[in-house]
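# What the coordinates show
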Amino acid sequence: MRRKVIEVRNLVKRYGNILALSGVSFDVYRGEIFTMVGPNGAGKTTTVEILECLRNPTSGNVKIFGMDIEGHEEEIKQRIGVLPQEFGTFERLTVEENIRFIAKIYERRVDVSNILQTLGLLEHRKRKFGELSGGMKRRVGIAMALASCPEIIFLDEPTTGLDPQARQELWQTIKNLRKKGMTIFLTTHYMEEVEALADRAALILNGKILITDSVRSLISKYGGGFRVSISEKRGIRILRKVGEKIVQQDGKTTAFFKSREDMLEAFLYLSRHGLKPEMKEPSMNEVFLNLAGGRINEHGELIQ
Amino acid sequence: MKTLHLTVVLFKNWIRSRMGVFFSFLFPVVLLLIFGSVFGGGAGRYSIWVQNRDLENGSPSDLSIAFISAMENSGVFSIKMIPPSVEISSWVKEHIPSFTSYRVLVIPENFGKKAAEKGIKVRGMIILSSLDLIVETYGEYMDENNLRSIQEGKSALENWVTGITPEEATLILYVQEGDASAQVVSSAVQSIVQAFNNSLISAQSVIEVKFTTLSERTLKPADYYVPGYTAAFIMTNGVIGLTSNISEFRRNGILKRVAATPLSKKSWILANLITQVILAFLLTIIMIFLGRLIFGTSGTPDIFFICLVLLGATLFCAIGITMGGLIKDVEAASAAGNLVAFPMMFLSGAFWPIEIMPEILQTIAKCMPLYYFHQGLRQTLILGNPAGALTSFVVLGALSVVFVLLAVKITKWKEI
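Every value quoted in this text rests on a predicted model; they were computed, and no experiment measured them. (Residues numbered from 1 in each chain as written. Chains lettered and ligands numbered in written order. Predicted model: local features only at pLDDT ≥ 70, side-chain atom pairs only at ≥ 80, totals over all residues.)

## Observations regarding the overall build of chain B
In terms of regular secondary structure, chain B is built from 15 helices and six strands. In summary, chain B has a C-alpha radius of gyration of 33 Å against a globular reference of 22 Å for 416 residues, an excess of more than 25%. Scored against the burial criterion, the 416 residues of chain B give a buried share of 34%. Considering only contacts in chain B between residues 6 or more positions apart, those separated by 24 or more positions represent 83%. (Helix = DSSP H or I, 4+ residues; strand = E, 2+ residues; numbered from the N terminus. Rg over C-alpha atoms; globule rule 2.2 N^0.38 Å. Buried ≥ 20, exposed ≤ 12 C-beta atoms within 10 Å, placed from the backbone. Contact = placed C-beta atoms within 7 Å.)

## Quick word on the pairing of strand β1 (residues 4–15) of chain A
All names here are of chain A. Here β1 runs beside strand β2 (residues 18–29); their pairing, made up of nine bridges, is antiparallel. The residue bridging Val-8 from the neighbouring strand is Phe-26, located in β2. What sits between the antiparallel neighbours β1 and β2 is a turn of two residues, in which Gly-16 has the positive phi angle 60 degrees. Here five bridges tie β1 to strand β4 (residues 59–64), and the two strands are oriented antiparallel to one another. For Arg-9, the partnering residue across the bridge sits in β4 and is Asn-61. (Pairing = 2+ DSSP bridges.)

## A few points about the sheet that holds strand β3 (residues 33–37) of chain A
Residues and elements named next belong to chain A. Ordered in space as β6-β7-β8-β3-β9-β10, the six strands form an open sheet in which the pairing is mixed. The open sheet has two edge strands, β6 (80–83) and β10 (208–214), and neither has a second partner. Taken over all neighbouring pairs, the strand axes of this sheet differ in orientation by 15 degrees on average, direction set aside. For strand β9 (residues 200–205) and β10, the ladder comprises six bridges, and the chain directions are antiparallel. Bridge pairing links Arg-200 to Ser-214 in β10. (Axes fitted to C-alpha atoms, helices over the stretch in contact; angles between N-to-C directions.)

## A few points about the domain arrangement of chain A
Taken domain by domain, chain A holds domain 1 (4–214) and domain 2 (225–281). For domain 1 of chain A and domain 2 of chain A, the distance between their C-alpha centroids amounts to 42 Å. (Domains from an automatic or database assignment.)

Written out as structure tokens, the structure is:
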């Protein structure tokens, strides 16, 4: 049985009249990448900041390492690493100085050059933080989060606002941390990020968790399946023969398949016969569309 | 230990900021140098044009020469001569650009002669009144012969003196309307005239004014500026600098980043305080050093002075942390800092004695913490009188406690 490192039960957070979190519950297990995914304003950062002991909950139970967050703030802060949203640090200190600062605060003997190496910052260590690019800054932020030798690392929207290249690089970094056995709590509004990184995901919308499950299971249950669609009559006949399930909609016939291989086979067969089939794989985008009734655009806004 | 690490980081981050260093160190130094040189280097000489029309056979009269050299020796004037023949108003139009201040002293024709005649008459009058006084006081002890000859001599002198009717010897001083220096110039001329009046009647001064101070050392104007500037800029470093710094720390996420570590809120505030206190002492050392080197100011920092710098730096730093914590917007925080700091800087008497200001402003000055700070620094550093700084200690100490508590209360380590 995997060990729970975070337990959240009926977490409520109210800002005046606004209910930011209305009874959120989930668990995070040791060694996994847990993702909280949802549009802006869904309550992701509020949740993370309560877990990081930077914000007081209105009600509910939150346990980290089996300790209630209330009254154990310092102990918990000693054992976690944090990359806050829109992270910033001392602009006129170098990359290395910023990382060493955190290491000193935690009074840990940390191999700073190892951290620099892990994050690909070794050659930039003498550069001032303020002179770095957005992607580089986030990497410094993760390095600072690692400088406390944490058991859990919280990454609040680590790739928001980064270009695709920088995002890919950061994903690789996060994957490497996972390989080293780090527990990672990550928030994002990018479905691709969930697919690329997460073991399990919680979909959050308007302060409520819609579902929490492993990403694999979410995609297979709600991802829309492997499917091929076609509008040409000749194609429809072929699809009816090979498909598991047939659906007709908007003048198109869609056939569902058990596996990617079956889907590909049908797609290639139709293409070879001069037809123009369309093929779709299950995805987190579909999961979100199915469960939340909308999609999230690049800026994190929910589009119904 | 952790607090010290944070202090080192805050200090490093600060010292690498060119703007910060400029406003905290260079700006005060430049101002001290400018103001110290303008007001502190002793009064400059007033240039004055002199036209000497008092000629005897084509050369200036002895009295007029003596008068001009007395003006030169006074150290107040630098004298330039105008030829005796020119007409003043057209000369001024021709030689002085409009809206430029000028002073022209005209010694008129027969000035020496008139003054001498008047002098003789005045002397005669003095002798007459002296004889009156003598007769009145000692007459009853004199024998009749003596008394009679005195009376006869007196009436003869009286007849002669009344016969002399000299014209007034008048000097004419032209100044531009609204010239601020006119009063100083005219008083200086007056005092020279007074000295001449005395010597023309061979009188000796009965009353003399001697400029002196009550302290053993002589004080220079820069002795006023050095503690004043030190206090004012420790204040601005806290109230302007730290207010916007703290606001900036929140905007760029540093506050959240530090709050996420096990460091306590008290450590954060303490580290900021220590950083400011270090800056305050650096600034103080620079100011005292420059004051000594360039303006020859006196004063040695003692333990009371050091304590006051510590208290002042703590107070203004706590005010900065409080304001920076209250005002979320960085630009607004910076504006608020300026709004508090600048009136305080100019009204509290840090740059000039409050006695030259209207009474209402003097009362306002005494409501400002900076007033007690610079007064205290002056008392301890320059006058060596820690007892005189007692009020400063009490006021700054009490306010420090209040504002440090406020800073702790206002600073948000955890969002509600």
